[in-house]
Amino acid sequence: MSNVHAAEPLPAPKTQRGERTRQKILDAAEREIGARGFSDASIATITAEAAVAQGTFYLYFRSKEEVLRELVLRMGRRLRHHLTRAVMDAPDRMEAERLGIRAFLQFVRDNPNLYRVVAESQFVDPAVHRAYYEEFAAGYSEGLRTAEARGEIAPGNAEVRAWALMGVTDMVGRRFALYDPNGALDAAAEAAYDFVAHGMAPRAGKPGRRG
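Residues numbered from 1 in each chain as written. Predicted model: local features only at pLDDT ≥ 70, side-chain atom pairs only at ≥ 80, totals over all residues. Heavy atoms only, no water.

Caption draft 1: Quick look at the overall build of the protein chain. In terms of helices and strands, the protein chain carries nine helices and zero strands. Secondary structure elements in the protein chain, listed N-terminal to C-terminal, are α-α-α-α-α-α-α-α-α. Summarising its shape, the C-alpha atoms of the protein chain cover approximately 65 × 35 × 30 Å along the three principal directions. By the burial criterion, 42% of the 211 residues in the protein chain qualify as buried. Within the protein chain, residue pairs in contact and separated by at least 24 positions form 69% of the contacts whose partners lie at least 6 positions apart. Carbon and sulfur atoms make up 54% of the accessible area of the protein chain, which amounts to about 12,300 Å² in all. (Helix = DSSP H or I, 4+ residues; strand = E, 2+ residues; numbered from the N terminus. Buried < 20%, exposed > 50% of the residue type's maximum accessible area, 1.4 Å probe, protein only. Contact = heavy atoms within 4.5 Å. Areas by Shrake-Rupley, 256 points an atom, 1.4 Å probe, with all protein chains shown as cover.)

Caption draft 2: Representation of the side chain of Glu70. Position of Glu70 relative to the elements: it lies in helix α4 (residues 64–87). Looking at Glu70, the relative accessible area reads 15%, which means it is buried. Each residue touching Glu70, except ones within four places of it in the same chain, is listed here: Arg22, Leu26, Phe61 and Arg77.

Caption draft 3: Here's a closer look at helix α7 (residues 126–149). A rise of 1.5 Å per residue sets the reference length of α7, with its 24 residues, at 34 Å; its end C-alpha atoms lie 34 Å apart and thus fit the reference within 8%. Three or more residues of α7 are buried, namely Val128, His129, Tyr132, Tyr133, Phe136, Ala137, Tyr140, Ser141, Gly143, Leu144 and Ala147. Tucked inside the fold, the buried residues of α7 contact α4, α5 (93–110), α6 (112–124) and α8 (158–178). In the stretch just after α7, Gly151 is the one whose phi turns positive, near 80°. (Expected span 1.5 Å × (residues − 1).)

Caption draft 4: View of the packing of aromatic side chains. This model, assessed by the stated rule, comprises five aromatic pairs. Aromatic rings pair up to connect Phe57, Tyr58 and Phe61 into one cluster. The positively charged end of Lys64 is found above the aromatic ring belonging to Phe38, 4.2 Å away from the centroid. For Arg175, the ring lying beneath its charged end belongs to Phe176, and the centroid distance is 4.4 Å. (Phe/Tyr/Trp six-rings, centres within 6.5 Å; stacked < 30°, edge-to-face > 60°. Lys NZ or Arg CZ within 6 Å of the ring centre and 35° of its normal.)

Caption draft 5: Main features of the nonpolar core. Ranked by size, the top nonpolar core spans 54 residues in total, and within it Ile25, Ile33 and Leu71 carry the most contacts. If we skip the residues at most four places from it in the chain, Ile33 touches Phe38, Ala41, Leu68, Leu71 and Val117. (Core = buried A, V, L, I, M, F, W, Y, C linked by side-chain atoms within 4.5 Å.)

Caption draft 6: Inspection of the confidence of the model for the protein chain at higher detail. Of the residues in the protein chain, 93% reach a pLDDT of 70 or more, and the chain-wide mean stands at 91. Contacts from residues 1–6, a stretch scored under 50 in pLDDT, to residues over four places away or in other chains number seven contacts. (pLDDT = per-residue confidence, 0-100.)

Caption draft 7: Seen up close, the environment of Leu114. Mapped onto the fold, Leu114 is located in helix α6. The buried category is assigned to Leu114, whose relative accessible area is 0%. Along the primary structure Leu114 and Met88 are separated by 26 residues, whereas in three dimensions their C-alpha atoms are 24 Å apart. Every residue in contact with Leu114, bar those within four places of it in the chain, is listed here: Glu30, Leu71, Arg74, Met75 and Arg78.

Caption draft 8: Representation of the environment of Ala51 in the model. Within the secondary structure, Ala51 sits in the loop between α2 (43–50) and α3 (54–60). A C-alpha to C-alpha distance of 8.9 Å links Ala51 and Ala28, two positions 23 residues apart in sequence.

Caption draft 9: Highlighting the pattern of salt bridges. Counted according to the given criterion, the structure contains 17 salt bridges. One connected set of salt bridges, linked through shared partners, spans Asp27, Glu30, Arg74 and Arg78. (Salt bridge = Lys/Arg side-chain N within 4 Å of Asp/Glu carboxyl O.)

Below you can see the structure in the form of structure tokens.
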């Protein structure tokens, strides 16, 4: 990594026009990095996609790495907002989990490039990639502890549970929302929720089956 990695982001634009241009570059970077990958996307292709001069890029960002970090932050903000809205009316934690899984799959379906950008960040900036998941897990763990205190879920290690649940939705999202952009999401979401809620142990009156 270069010294740019540790530099503070450039100051936010002082005008609405400047902020629109900055967001335009970020939108273009999301599309370019998501479609091409970080290595093949360049500042030249990003600015061409954004329809701005290449020199304009440096008014808002120091490097392509800085753009990637900002996009990871964007993903975190958008996803948390999306999930918060999706579960706000849930009567208890288990229903929140069910609604949250479905909402997550829809978010991946609607934001495939942004989802790929986060995956790319593990190779470009492992620290920001790890921070993305750790920040999400911290809030998830706190929600699980609150639900446990209310008697809505069984006692357990909230941090381990948070990471395990994130892993389930992450992989299900890749398979059924990212790799298959046209398939129905409801069945996959309900199957994932059934696994979260009941696990794989045989249930009374429901013999196991293969396949």
